[in-house]
Amino acid sequence: MTPTDIMIPAWVDGTLTPVEKLAAHRRGLRHLAVSVFVVRDGEILIQQRALGKYHTPGLWANTCCTHPEWGEAALACANRRLDEELGITGLDLHHRGQVEYRAEVGNGLIEHELVEVFLAEAPADLALAPNPAEVMATRWITPAALTAEIDATPALFTPWLRIYLAQHSGMIFD
């Protein structure tokens with residue numbers, strides 16, 4: 001599927017409407033999204049986005065982030081994309097709250113998202129099977145080390161990950 005094949009929930013003239021994903025980003029429409037943070041022994045699983053992604057390729061992001069398809073529940077979307085991107089199944093996802101942000105993500109595209117944020121605790125032996133079309137690398141990192149890396153080299157991280165850690169880490173991790 002390409003970004004023009006996927007219909008996501010976005011607001012058009014105040015009404016939640018199915019809109020092609022790429023069109024929503026070109027127009028900067030406010031739309032629904034999901035973000036997942038998987039943690040294990042005090043570390044967060046982050047992913048480096050594949051170079052073929054249509055925005056923010058090669059940047060580090062939280063464990064998983066995506067848009068629900070039209071009519072898809074946020075929790076179902078989060079579980080689906082964890083499997084599709086990283087081969088992760090069977091985690092108990094806990095809703096941590098909702099975040100809204102607006103950020104330019106390059107190539108004239110804008111993410112203006114109303115995000116449902118989920119957190120899951122992973123077992124020590126969590127198996128990963130990253131989909132190379134989605135993810136080029138993964139790593140586990142402590143929140144303090146991640147914050148230090150973002151402070152030192154913010155351009156290596158997606159705008160939403162920088163926003164989540166700077167403005168919403170208490171809601172997500174506490």
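Residues numbered from 1 in each chain as written. Predicted model: local features only at pLDDT ≥ 70, side-chain atom pairs only at ≥ 80, totals over all residues. Heavy atoms only, no water.

J.: Help me get a handle on the packing of aromatic side chains, residues and values and all.
T.: Under the defined criterion, the tally for this structure stands at 3 aromatic pairs. Ring centres 5.8 Å apart and planes at 70° place the aromatic pair Phe-37 and Tyr-164 in the edge-to-face group. With Phe-37 in strand 3 (residues 30-40) and Tyr-164 in helix 4 (residues 159-173), this pair connects stretches of sequence that are 127 residues apart. According to the relative accessible area criterion, Phe-37 is buried, its value standing at 0%. Judged by its relative accessible area of 0%, Tyr-164 is buried. Between Arg-40 and the ring centre of Trp-140, over which it is positioned, the NZ or CZ distance is 4.0 Å. (Phe/Tyr/Trp six-rings, centres within 6.5 Å; stacked < 30°, edge-to-face > 60°. Helix = DSSP H or I, 4+ residues; strand = E, 2+ residues; numbered from the N terminus. Buried < 20%, exposed > 50% of the residue type's maximum accessible area, 1.4 Å probe, protein only. Lys NZ or Arg CZ within 6 Å of the ring centre and 35° of its normal.)

J.: Could you give me a rundown of helix 2 (residues 74-86), with the residues and numbers involved?
T.: Side chains of residues three or four places apart in an α-helix project in the same direction, reflecting 3.6 residues per turn. The end-to-end C-alpha separation of helix 2 is 18 Å, in line with the 18 Å expected for 13 residues at 1.5 Å each. If you follow the buried residues of helix 2, they end up packed against strand 3, strand 4 (43-49), strand 6 (64-66), strand 8 (109-121) and strand 9 (135-141). (Expected span 1.5 Å × (residues − 1). Contact = heavy atoms within 4.5 Å.)

J.: I'd like a description of the pairing of strand 2 (residues 15-20), backed by residues and values.
T.: Relative to strand 2, strand 1 (residues 7-12) runs antiparallel, the two sharing 6 bridges. Its bridge partner lying in strand 2, Ala-10 is registered against Thr-17. In sequence, strand 1 turns back onto strand 2 through a hairpin of 2 residues, with Asp-13 there showing a positive phi of about 50°. (Pairing = 2+ DSSP bridges.)

J.: Give me the pairing of strand 8: which residues, what numbers.
T.: Within strand 8, 12 of the 13 residues are buried, leaving the element largely enclosed by the surrounding structure. Two strands pair when backbone bridges link them, and strand 3 and strand 8 are joined in this way by 10 bridges, in the parallel orientation. The partner of Val-36 across the bridge, within strand 8, is Phe-118. Pairing analysis gives 11 bridges linking strand 7 (residues 94-106) to strand 8, with the strands arranged antiparallel. Along strand 8, the bridge assignment pairs His-94 with Leu-119.

J.: If you had to explain unusual backbone geometry to someone new, which residues and values would you point to?
T.: Among all residues save glycine, negative phi is the norm, and among peptide bonds the norm is trans. Of note in the backbone geometry, Thr-56 takes a positive phi value of approximately 50° without being a glycine. Looking at the secondary structure, you find Thr-56 in the loop between strand 4 and strand 5 (60-61). Here Thr-56 falls in the buried class, since its relative accessible area comes to 5%. The phi torsion at Asn-107 lies on the positive side, around 55°, for a residue other than glycine. Tracing the chain through its elements places Asn-107 in the loop between strand 7 and strand 8. Residue Asn-107 is classed as exposed on the basis of its relative accessible area, which comes to 69%.

J.: Before we move on, can you summarise the pattern of salt bridges with the specific residues and values?
T.: For the structure shown, the criterion picks out 9 salt bridges. Taking the shortest distance from any N to any O, the salt bridge between Glu-72 and Arg-80 comes out at 2.7 Å. Residue classification places Arg-80 among the partly exposed residues on the basis of a relative accessible area of 22%. Between Arg-81 and Glu-134 there is a salt bridge; the shortest N-O distance is 2.9 Å. In this pair, Arg-81 is assigned in helix 2 and Glu-134 in the loop between strand 8 and strand 9, connecting sequence segments 53 residues apart. (Salt bridge = Lys/Arg side-chain N within 4 Å of Asp/Glu carboxyl O.)

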